Amino acid sequence: DAEITQSPRHKITETGRQVTLACHQTWNHNNMFWYRQDLGHGLRLIHYSYGVQDTNKGEVSDGYSVSRSNTEDLPLTLESAASSQTSVYFCASSPLDRRYEQYFGPGTRLTVT
Amino acid sequence: KNEVEQSPQNLTAQEGEFITINCSYSVGISALHWLQQHPGGGIVSLFMLSSGKKKHGRLIATINIQEKHSSLHITASHPRDSAVYICAVVDNTDKLIFGTGTRLQVFP
């Protein structure tokens, strides 16, 4: 069965370290998204990609970067982790012609100490 | 003010009760999702609707485009319905804008 996975599921890191969160989907979806979820906020869009070599900034992109070298993967990198980036991160993907029909990964809980 | 507002934020019910969760939005949309998130779990889509009403089992979702309002109803609630329910609208660029969620606890 096709699926979307995230790794690691839990991560604790120190302020200033570089961290990469992995997202892998086997749906063969063109579109992929990264969100963060914090108390008091709805999910907020960090970065998104509509295809290989395409990346775009979302609402809360500062301090994050992504790259899309193949269809299956969209890794999210925190260049220099900050305590404000402690959050739960969700990856999602959607088909080419239905960007809004998003399938979510299980989430990664990141703690920056 | 958030573009997508949900109410209530928290909801407690006894098993068997009829539950309503509301979602109001202030932007133009092409569709609306209701999503479910279990504790420690991922997020799954329950419904996507752009008009009228949809029903899956004990869940019913309605939308009134003119009033910019949607409701999610759960009939004969059960403890396994305990979860966070999230409303998300599809804006005019096909991006999702999420509400903050409604935490539902159903007790036996």
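See the structure shown above.
Quick summary incoming for the structure in this document.

1. Looking at the state of the cysteines
Residues and elements named next belong to chain B.
Reasoning step 1: In total, this model carries 2 disulfides over all chains according to the counting rule given.
Reasoning step 2: In this model Cys23 forms its disulfide with Cys87; the gap between the sulfur atoms is 2.0 Å. Taking the sign of the torsion about the S-S bond as the criterion, the disulfide between Cys23 and Cys87, at about -60 degrees, is left-handed. Placement of Cys23 in strand β3 (residues 19–25) and of Cys87 in strand β9 (residues 83–90) is noted, with a sequence separation of 64 residues between them. The same class applies to Cys23 as to Cys87, namely buried.

2. A look at the pattern of salt bridges
Residues and elements named next belong to chain A.
Reasoning step 1: Counted according to the given criterion, the structure contains 6 salt bridges over all chains.
Reasoning step 2: Close ionic contact of Arg36 with Asp38 constitutes a salt bridge, the shortest N to O distance being 2.8 Å. One exposure class covers both Arg36 and Asp38, and it is buried.
Reasoning step 3: Of the charged contacts in the structure, one is a salt bridge between Arg98 and Glu101, with a shortest N-O distance of 2.7 Å.
Reasoning step 4: Of the residues examined, Arg98 reaches a relative accessible area of 31% and is grouped as partly exposed.
Reasoning step 5: Residue class for Glu101 comes out partly exposed when judged on its relative accessible area of 21%.

3. Structural notes on the interface of chain A and chain B
Reasoning step 1: On the chain B side, the residues contacting the 18 residues of chain A number 16 residues.
Reasoning step 2: Taking both sides of the interface into account, the surface hidden between chain A and chain B amounts to around 1,300 Å²; carbon and sulfur atoms contribute 63%.
Reasoning step 3: By the criterion of area lost to chain B, the three top residues of chain A are Leu43, Tyr100 and Phe104 of chain A, representing 41% of everything that side buries.
Reasoning step 4: For the interface between chain A and chain B, the tally reads 0 salt bridges.
Reasoning step 5: At the boundary of chain A with chain B, the tally comes to 3 residue pairs in polar contact (both at pLDDT 80 or more).
Reasoning step 6: At 3 residues, the largest contribution of residues to the side of chain A that touches chain B is made by strand β5 (residues 44–51) of chain A.
Reasoning step 7: Class assignment of the residues belonging to the side of chain A that touches chain B gives a composition of 9 nonpolar, 6 polar and 3 charged.

About the thresholds
- Residues numbered from 1 in each chain as written.
- Chains lettered and ligands numbered in written order.
- Predicted model: local features only at pLDDT ≥ 70, side-chain atom pairs only at ≥ 80, totals over all residues.
- Heavy atoms only, no water.
- Disulfide = S-S within 2.5 Å.
- Helix = DSSP H or I, 4+ residues; strand = E, 2+ residues; numbered from the N terminus.
- Buried < 20%, exposed > 50% of the residue type's maximum accessible area, 1.4 Å probe, protein only.
- Salt bridge = Lys/Arg side-chain N within 4 Å of Asp/Glu carboxyl O.
- Contact = heavy atoms within 4.5 Å.
- Buried area = accessible area lost by both parts, 1.4 Å probe.
- Polar contact = N/O pair within 3.5 Å; in protein donor to acceptor, adjacent residues only side chain to side chain.
- Nonpolar A, V, L, I, M, F, W, Y, C, P; charged D, E, K, R; others polar.

On their own, these measurements won't tell you what the molecule is for.
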